[in-house]
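# Remarks on the overall topology
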Amino acid sequence: MKRPLSIFLILIFLVSVFLQLSACLPEPVTRTPDGTGSSVVSGEITDLPSDPGTEPGSGGESLEPRSTDNESRTPGSSEPSSGEGQPPESLPTAAPPTDPTIPSGSEAQPTGSQPTVIPPTDPIVPSGSEAQPTGSQPTVVPPTDPIVPSGSEAQPTESLPTAAPPTDPAVPTDAQPTEPGSQTPIPGTPDDPAYWAGMPAGFTPAVAQAIRDFVRRYGASAPGYDGTAYVVCDFDNTLAIFDIAYHTAVYQLMTMAFALGPDDLAAALSTGLDPGVNRNGLWLSDISDAYRRLYQAYGPFTAEGLDSAASAAVQADPEWREFAAKMMLFLTSMDEFQLEWILYWFTGMTEDQAYRLFYRAASYFRDRETVQVTWTSNEARPTGIGAVSITLTLGISIPEEVRWMLRIFKENGIDVWISSASSVVGVSAAAEAFGIRDSVKGVIGMNQAQAGGRYISAYAYTDQYAWTNEGNVWGRLPYSCSRYNHMQGKVDTILAVLLPRYGHGPYAGFMDSSGDFNFCTEFRSLKMVVCFNRANRNIRDGGGLVAAAAVYQQDVLKYTLETANAAGDTLYLLQGRNENGLRTLIPTRETVRMGTQAAALFQGPANEALLAFIKAQWLDMATVFGAFSVHTPADSPSNVLGLEYGWLPWYSGYHVRD
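As the structure is a computational prediction, the values presented were derived from the model and not from experiment.

About the cut-offs
- Residues numbered from 1 in each chain as written.
- Predicted model: local features only at pLDDT ≥ 70, side-chain atom pairs only at ≥ 80, totals over all residues.
- Heavy atoms only, no water.
- Helix = DSSP H or I, 4+ residues; strand = E, 2+ residues; numbered from the N terminus.
- Buried < 20%, exposed > 50% of the residue type's maximum accessible area, 1.4 Å probe, protein only.
- Areas by Shrake-Rupley, 256 points an atom, 1.4 Å probe, with all protein chains shown as cover.
- Core = buried A, V, L, I, M, F, W, Y, C linked by side-chain atoms within 4.5 Å.
- Contact = heavy atoms within 4.5 Å.
- pLDDT = per-residue confidence, 0-100.
- Phe/Tyr/Trp six-rings, centres within 6.5 Å; stacked < 30°, edge-to-face > 60°.
- Lys NZ or Arg CZ within 6 Å of the ring centre and 35° of its normal.
- Salt bridge = Lys/Arg side-chain N within 4 Å of Asp/Glu carboxyl O.
- Axes fitted to C-alpha atoms, helices over the stretch in contact; angles between N-to-C directions.
- Parallel < 35°, antiparallel > 145°, perpendicular 65-115°, else oblique.
- Nonpolar A, V, L, I, M, F, W, Y, C, P; charged D, E, K, R; others polar.
- Expected span 1.5 Å × (residues − 1).
- Arc of directions from axis to C-beta.
- Polar contact = N/O pair within 3.5 Å; in protein donor to acceptor, adjacent residues only side chain to side chain.

Next up on the list: the overall build of the protein chain. Each helix and strand counted, the protein chain has 17 helices and 17 strands in total. The buried share of the protein chain, reckoned over its 658 residues, is 58%. Element-wise, carbon and sulfur atoms account for 55% of the exposed surface of the protein chain, whose accessible area totals about 25100 Å².

Next comes the structure, spelled out in structure tokens:
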């Protein structure tokens, strides 16, 4: 009897222990998606560039009298006018939100003539050109003897200069995927609030939260991550405050960094332009005549440019003012063709020489406070056009917040691609000079044709390539789409370059203007778009329309990343900046424009009228973008605002591309 009793007591003890252990186990947890979802400096630049390639600096954009944004040119009606995306006779109505008011007034219409462009005919680069890609794998582009400014963050390697890591607070690099069902975030991952302690303060609260949510949902620590997440960013006036193409043009003029003699430069600048209209011939004659005088007095000029003493001497000559002022003013008077014409300034250079020129320009203007300067042409002698003046806003930089964000994306397995309407070589060099190259997977941009290893005055429609950053070595990724990388062309280059690589469109887009509108609205894959507010975009520009949509989503629809995506929408956000001083992001949707002290949300009353109408009608995103992106005169029967709006001859549609 004792043995059975002993066994019985042992069994009771074991059951008791098991029950106690069970009580210590956590309840099962089901993980749900996270729903949280300066003073103005004015005057002239008195210090001149030192010997090219020896000292760092900084750069700028914003030329007068017209915008210098190379993304914002409105093309002619060369697109198919299929009627796709035309605004309806009447838009749907719904219960309006409280107290919508539509300000009175309309926007001033632009005036003036533009140079007439002879349409290019898809030039084919000679087979002996170095620009001809071969093979399916990117080919390394080895520069020759790169010149890197001393004291710069960027240091040279045997192939191309490589940038030192930015000095922002480091983010942990050993992030591990979060276990499904875990309530406690794993330290060192985006699910840990401490992970975000180093986020700079310039993001708006909504943008900061969206970035956190985006990384948690689509980065390497997210369940189901498959390594194909990527974002596409415009460069000029998006990643950078102001425009690298125009700063390089200014630097090129200041140092006379040209690789052509007078006759060859005149031929290059005449390419594609009809001299018989809009006084094009007079402009080109004045420019060429001034260049010839300068070349005879101070030349020969080279791609490396003049040193500081020679730059000072040439800029003191009235003929330099004649040349520089008319080059910049003629450039800014153009329509979309300026995207191509500015490339012809590099005719005669090698790719490596152009890379170094862009690098020097970015380095020179990078750390300088924003200033405005005025160039006036030579008034002492008669010319075809007469005396002209142009005011330039100079100073260019990439804010700390942007550099931090790009690094966060990379560290969380989200590839960063830049898509720009500036030179692909130039933006790659600027990424190096501004210290973001390590965070960038590749660059898509404008491509100049080559022959015999040097640039020629033609666009490389049939031999385009992106620059890739594989193993921190620049290489080439050939593609062909027969378009500029601008507006609808940015969609086409994503389809040609990135869709085959990733199998889908971008997860996020970063933009500022009409040049980016198509790629930031057409892809169904888009989860988030951040529009950098320039506060000068009217309702005939993509930046103005997206700004209104972003305010509508935030104030009326109360969207977060989770709720927007759940509704089938992309989350649109508006990020403000201060263009004065050293140029920074600020934690508001409003922007402080150069030369002002007060922050502004929109350009003017027409923007407010558009937003009020969208609110009053409770419009969906497809209607907002489909109706108001297509150019509609104020007196059109389909116009619902009574104001001219839109800029596209036609629009493919919201979320129409996979």
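Having seen it, we continue.
Burial of nonpolar side chains together is a common tendency in soluble globular proteins. Core analysis: the largest hydrophobic core is formed by 124 residues, its most contacted members being Phe235, Phe323, Met328, Trp341 and Trp375. When sequence neighbours within four positions are dropped, the list of residues in contact with Phe323 reads Leu253, Met256, Phe258, Leu265, Ile287, Ala290, Tyr291 and Leu294. In terms of nonpolar packing, the next biggest core, distinct from the first, is built from 56 residues, Val232, Trp417, Ala466 and Tyr502 among them.

To continue, consider the confidence of the model for the protein chain. Of the residues in the protein chain, 72% reach a pLDDT of 70 or more, and the chain-wide mean stands at 80. Below a pLDDT of 50 lies the segment residues 12–68, which in the model reaches 164 contacts outside its immediate sequence neighbourhood of four places, other chains included. A low-confidence stretch, residues 92–113 stays under pLDDT 50, and its non-local contacts, those more than four residues away or across chains, total 37 contacts.

Before going further, it helps to spend a moment on the packing of aromatic side chains. Here the structure, examined in full by the defined rule, presents 35 aromatic pairs. When the ring of Phe517 is compared with that of Trp647, the centres are 4.9 Å apart and the planes differ by 85 degrees; the resulting orientation is edge-to-face. Of this pair, Phe517 sits in helix H13 (residues 514–517) while Trp647 sits in the segment after helix H17 (621–628), and the two are 130 residues apart along the sequence. Trp647 carries the same exposure label as Phe517, and that label is buried. Aromatic side chains Phe613 and Phe628 sit 6.1 Å apart centroid to centroid with 80 degrees between the ring planes, which places their arrangement in the edge-to-face category. Residue Phe613 is located in helix H16 (residues 605–617), and its partner Phe628 is located in helix H17; the two are separated by 15 residues in the primary sequence. Take Phe628: its relative accessible area is 1%, and that puts it in the buried class. Among the aromatic side chains, those forming a connected cluster through ring pairs are Phe258, Trp283, Tyr291, Tyr295, Phe301, Phe323, Phe330, Trp341 and Trp345. Here the basic side chain of Lys527 rests over the ring of Tyr507, its NZ or CZ set 5.9 Å away from the ring centre. For Arg577, the ring lying beneath its charged end belongs to Phe242, and the centroid distance is 5.6 Å.

Before going further, it helps to examine the environment of Val425. With respect to the secondary-structure elements, Val425 resides in helix H11 (residues 424–433). Residues Val425 and Met446, 21 residues apart in the sequence, show an inter-C-alpha distance of 8.3 Å. Apart from the residues lying within four places of it in its own chain, the contact partners of Val425 are Glu351, Ala354, Tyr355, Tyr455, Tyr465 and Trp467.

Turning next to the pattern of salt bridges. One pass over the structure, following the stated rule, counts 26 salt bridges. A salt bridge links Arg217 to Glu562; the shortest N-O distance between them is 4.0 Å. Of this pair, Arg217 sits in helix H2 (residues 205–218) while Glu562 sits in helix H15 (residues 561–566), placing them 345 residues apart in sequence. Its relative accessible area of 23% is what places Arg217 among the partly exposed residues.

A word on the packing of helix H3 (residues 244–255) against helix H9 (residues 351–366). In contact at an axis separation of 9 Å, H3 and H9 are set at 95 degrees when each is read in the N-to-C sense. Put simply, H3 runs roughly perpendicular to H9. Contacts between H3 and H9 involve Ile244, Ala245, His247, Thr248, Val250, Tyr251, Gln252 and Met254 on the former and, on the latter, Leu357, Phe358, Arg360, Ala361, Ala362, Tyr364 and Phe365. By residue class, the composition of the contact of H3 with H9 is 11 nonpolar, three polar and one charged.

Its place among the elements puts Asn472 in the loop between strand S11 (464–470) and strand S12 (473–479). A sequence separation of 32 residues divides Asn472 from Val440, and the C-alpha atoms of the two residues are 9.4 Å apart.

As a further point, take H9. Its 16 residues place the ends of H9 22 Å apart at the C-alpha level, agreeing with the 22 Å of an ideal helix rising 1.5 Å per residue. Across the 16 residues of H9, 16 count as buried, placing the element largely inside the fold.

Further remarks concern helix H6 (residues 308–315). Inspection of H6 places Ser311, Val314 and Gln315 among the buried residues, and these make up the whole buried set. The buried residues of H6 occupy an angular sector of 95 degrees when projected down its axis, which confines them to one face. For H6, the secondary structure elements touched by its buried residues are H3, helix H5 (280–298) and helix H7 (318–332). Of the residues that open H6, the one with a side-chain oxygen 3.3 Å from the backbone nitrogen of Ala309 is Asp307.

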